[in-house]
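The primary structure of each chain is shown beneath.
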Amino acid sequence: MNRDKLVSAGALLGLIGVAFGAFGAHALRARISPEMLEVYKTGVSYQMTHALALLLLAALIGDSSAPRLIGRAGALMLVGTIVFSGSLYLLAITSTKAWGFVTPFGGICILAGWFALVFSSLRHSGEQR
């Protein structure tokens, strides 16, 4: 992903995250159990956190000696967030337990994205020596 795509993805995740947060607070509160509402809130929390992370990556990509690696980190975080948060939203709204089995795959993608960022940083610091 390049800088513009990272900004667009981060902004879109943020926009949808705010909308989903409001939907959960107002429309779902009376319709789903408190436990499922917490599951839903976890999805919103991770989505908003990674919306900001994508915007941070967009800011970092220009100064990096490894912009492709940062772009890959962003792509992994984006896919991971969609799968992770999306599966939690579906679990909370439908109470279909099978969605809970999908969530870890999103988590693995998110972790891989963070690992790619760490690797990019270590690679960059190694080149400066």
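Scroll up to find the structure this text is about.
Reading the values: rules and limits
- Residues numbered from 1 in each chain as written.
- Predicted model: local features only at pLDDT ≥ 70, side-chain atom pairs only at ≥ 80, totals over all residues.
- Heavy atoms only, no water.
- Helix = DSSP H or I, 4+ residues; strand = E, 2+ residues; numbered from the N terminus.
- Buried < 20%, exposed > 50% of the residue type's maximum accessible area, 1.4 Å probe, protein only.
- Phe/Tyr/Trp six-rings, centres within 6.5 Å; stacked < 30°, edge-to-face > 60°.

### Examining unusual backbone geometry
Then step 1. With phi around 60°, S95 is a residue other than glycine that occupies positive phi space.
Then step 2. Mapped onto the elements of the fold, S95 is located in the loop between α3 (67–94) and α4 (99–128).
Then step 3. Residue S95 is classed as partly exposed on the basis of its relative accessible area of 47%.

### Let's talk about the packing of aromatic side chains
Then step 1. Under the definition given, this model contains 3 aromatic pairs.
Then step 2. Judged by centre distance (4.6 Å) and plane angle (40°), the ring pair of Y46 and F84 falls under tilted. Residue Y46 is found in helix α2 (residues 34–61), and its partner F84 is found in helix α3; the two are separated by 38 residues along the sequence.
Then step 3. Take Y46: its relative accessible area is 36%, and that puts it in the partly exposed class.
Then step 4. Judged by relative accessible area, F84 falls into the buried class, the value being 12%.
Then step 5. In textbook terms, an aromatic cluster arises when at least three aromatic residues are bridged by ring pairs, as seen for F20, Y40 and Y89.

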